[in-house]
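Summary of the model geometry
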Amino acid sequence: MEIVLSGIRSTGHLHLGNYFGALRNYIKMQDEYNCYFFIADLHSLTTHPHPDDFHSGVKTILAEYLASGLDPEKSAIFIQSDVPEIVELYVLLNMIAYKGELERTASFKEKVRKNPDNVNAGLLTYPVLMAADILVHRAHKVPVGKDQEQHLEIARLLARRFNNLYGVEVFPEPQAFNFGSDLIKVPGLDGSGKMGKSEGNGIYLYDDEKTIHKKVMKAVTDAGPTAPDSKMPEPVENLFTLLKIVSDKETVDHFTKAYNSCTIRYGDLKKQLAADICKHTLPIRERIDDISNDSDYLAKVVRKGREKARASASATLAEVKRAVGFRSF
Ligand code: TYM
């Protein structure tokens, strides 16, 4: 059976980008594939979270994974730092990852631009750690949003390079996956760009109805179209992109027609959009606190996930180390 792996950094609550770009697909894939879903706590260390917040960050994502419908009976749900084989593979892959190619990664360049005072080696080799996450389970499919496309390319490059260098076929080449459709980018509602944790423009699974309405009503728009069938400016297009993700076809058609005939009222569009976002997120929100308070259950889930993940990871690492030339005395 094909192997699926993906993960989310443990920084804050999950937002609509995480959910519609990634998590919703995890849930859909659980019945068909051999799935590994994890919480990337090591990746979150690039920004130096306070030690008092580090564990609760992991717990938040775990509870939100489970509240969204990830099922520990179907998938291995685990924490990245519980699998030391990932770190071991990361070291080995770092030996065949070149500085120039890592510096050219768009996400690295963006981080350097935004935080010039914290350009650490962990940031530069972030895609190598990601490749280790994926390759340690020899995953075939990786459900992710559009922003991770380039990281998947690096994972394939390192898989190929390792196989060629050592003359083995240890790693398959992992592919980004969205059920045959293009990978998606959930926009922010602040005018341009994607929804993201560091962008401060997130609508979260944990937000209540009132908060969601307030955030959507504040979304940037313009004065409205003045000529029929005119091209949408980016902030308005972003509202429609989100509407297409959360609403049914009739709703989208209705507002598209209204835009094209210059009769659209953005207030109505926003009210509908907020209501449709709530339809997806409120049933999840309801479950988060209960799950989060059930420490025994969380501990059980994580233990079970760790066992399955380590079994798979240590089998891969044994092959990798044999290929590299490690021998025991
Ligand atoms: P992270 O935590 O930034 O995001 C987790 C997942 O959410 C998706 N995503 C989005 N999708 C669409 N639109 C958006 N606005 C949006 N924002 C976030 C991301 O594409 C991602 O799928 N490096 C990864 C975590 C990771 C990982 C891995 C993923 C570590 N190792 C191995 C897959 C395989 C990250 O930072 O995701």
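Residues numbered from 1 in each chain as written. Predicted model: local features only at pLDDT ≥ 70, side-chain atom pairs only at ≥ 80, totals over all residues. Heavy atoms only, no water.

Along the chain, the regular secondary structure elements total 13 helices and five strands. The C-alpha atoms of the chain give 21 Å as radius of gyration, which agrees with the globular expectation for 329 residues (20 Å, within 12%). Considered along the principal axes of its C-alpha atoms, the chain spans approximately 80 × 45 × 40 Å. Counting across all 329 residues of the chain, residues that qualify as buried make up 48%. For the chain, the accessible area works out to roughly 16100 Å², and carbon and sulfur atoms hold 51% of it. (Helix = DSSP H or I, 4+ residues; strand = E, 2+ residues; numbered from the N terminus. Rg over C-alpha atoms; globule rule 2.2 N^0.38 Å. Buried < 20%, exposed > 50% of the residue type's maximum accessible area, 1.4 Å probe, protein only. Areas by Shrake-Rupley, 256 points an atom, 1.4 Å probe, with all protein chains shown as cover.)

Our next topic: the site of the ligand. Taken together, 28 residues sit near the ligand, with R9, Y126, D133, D147 and V186 positioned nearest. One of the backbone N or O atoms of G145 is found 2.8 Å from an oxygen atom in the ligand. Out of a free accessible area of 700 Å², the ligand has 98% covered by protein chains. Going through the elements one at a time, strand 1 (3-9), helix 1 (16-29), strand 2 (34-40) and helix 7 (126-135) are the ones with two or more residues in the shell around the ligand. (Near = heavy atom within 4 Å. Polar contact = N/O pair within 3.5 Å; in protein donor to acceptor, adjacent residues only side chain to side chain.)

Right, let's talk about the domain arrangement of the chain for a bit. One widely used convention gives an interface's size as the accessible area the parts lose upon coming together. Considered domain by domain, the chain is made up of domain 1 (3-184 + 294-324) and domain 2 (209-289). Each of domain 1 and domain 2 has a C-alpha centre, and the two are 32 Å apart. In this complex, domain 1 contributes nine residues to the contact, which on the side of domain 2 involves eight residues. When domain 1 packs against domain 2, close to 770 Å² is buried across both sides, 77% of that on carbon and sulfur atoms. Across the domain 1-domain 2 interface, the total number found is zero salt bridges. (Domains from an automatic or database assignment. Contact = heavy atoms within 4.5 Å. Buried area = accessible area lost by both parts, 1.4 Å probe. Salt bridge = Lys/Arg side-chain N within 4 Å of Asp/Glu carboxyl O.)

Take the pairing of strand 1 next. Counting buried positions over the seven residues of strand 1 gives five, a clear majority of the element. Between the parallel pair strand 1 and strand 2, the chain is carried across by helix 1, and the sense of this crossover is right-handed. (Right-handed = clockwise from strand over helix to strand, strands pointing away.)

Within the secondary structure, T105 sits in the loop between helix 4 (99-103) and helix 5 (106-114). Residue class for T105 comes out buried when judged on its relative accessible area of 1%. A polar side-chain atom of T105 sits 2.8 Å from the main-chain carbonyl oxygen of L102. In this structure T105 touches P127, Q150, H151 and I154, once residues within four positions along its chain are discounted.

Let us now look at the pairing of strand 2. For strand 2, the tally of buried residues reaches six of seven residues, placing the bulk of the element in the interior. In this sheet, strand 2 lies alongside strand 1 in parallel orientation, the contact comprising seven bridges. Its bridge partner lying in strand 2, I3 is registered against N34. In the sheet, strand 2 pairs with strand 3 (residues 76-79) via four bridges, with the strands oriented parallel. The residue bridging F37 from the neighbouring strand is I77, located in strand 3. Read from strand 2 through helix 2 (residues 51-68) to strand 3, the crossover connection turns out right-handed. (Pairing = 2+ DSSP bridges.)

This part covers the packing of aromatic side chains. Two numbers describe a pair of aromatic rings. These are the distance of the centres and the angle of the planes. Under the counting rule described, the total for this entry stands at nine aromatic pairs. Consider the rings of Y26 and Y65, whose centres lie 6.1 Å apart with planes at 75 degrees: the pair is edge-to-face. With a gap of 39 residues between them, Y26 in helix 1 and Y65 in helix 2 connect regions that are remote in the sequence. A single burial state applies to Y26 and to Y65, both of which are buried. Grouping aromatic residues by their ring pairs yields a cluster made of Y26, F37 and Y65. Directly above the aromatic system of Y36 lies the positively charged group of K308, at a separation of 4.8 Å from the ring centroid. Here the basic side chain of K321 rests over the ring of F326, its NZ or CZ set 5.0 Å away from the ring centre. (Phe/Tyr/Trp six-rings, centres within 6.5 Å; stacked < 30°, edge-to-face > 60°. Lys NZ or Arg CZ within 6 Å of the ring centre and 35° of its normal.)

What follows deals with a negative patch on the surface. Taken together, the side chains of D289, D290, D294 and D296 make up a negatively charged region of the molecular surface. Relative to the assigned elements, D296 resides in helix 13 (residues 295-324). (Patch = residues over 30% accessible without salt bridge, like charges linked within 9 Å, V, L, I, M, F, W, Y side chains within 5 Å. Lys, Arg positive; Asp, Glu negative; His and termini not counted. Charge placed at Lys NZ, Arg CZ, Asp CG, Glu CD.)

Y65, F240 and I277 are the most contacted members of the largest nonpolar core, which has 58 residues in total. With nine residues, the single largest contributor to this core is helix 12 (residues 266-293). Here this core gathers at least three residues from each of two domains, domain 1 (3-184 + 294-324) and domain 2 (209-289). Discounting chain neighbours no more than four positions away, the residues touching Y65 are G7, I8, L14, L23, Y26, F38, I39, L70 and I77. I3, L5, I86 and Y90 belong to the second largest nonpolar core, which has 44 residues in total. (Core = buried A, V, L, I, M, F, W, Y, C linked by side-chain atoms within 4.5 Å.)

At a closest axis distance of 12 Å, the pairing of helix 1 and helix 12 adopts a crossing angle of 80 degrees. Classed by the angle they form, the pair helix 1 and helix 12 counts as roughly perpendicular. Where helix 1 abuts helix 12, its residues L16, Y19, F20 and R24 lie against I277, H280, T281 and I284. Split by residue class, the contact of helix 1 with helix 12 holds five nonpolar, two polar and one charged. (Axes fitted to C-alpha atoms, helices over the stretch in contact; angles between N-to-C directions. Parallel < 35°, antiparallel > 145°, perpendicular 65-115°, else oblique. Nonpolar A, V, L, I, M, F, W, Y, C, P; charged D, E, K, R; others polar.)

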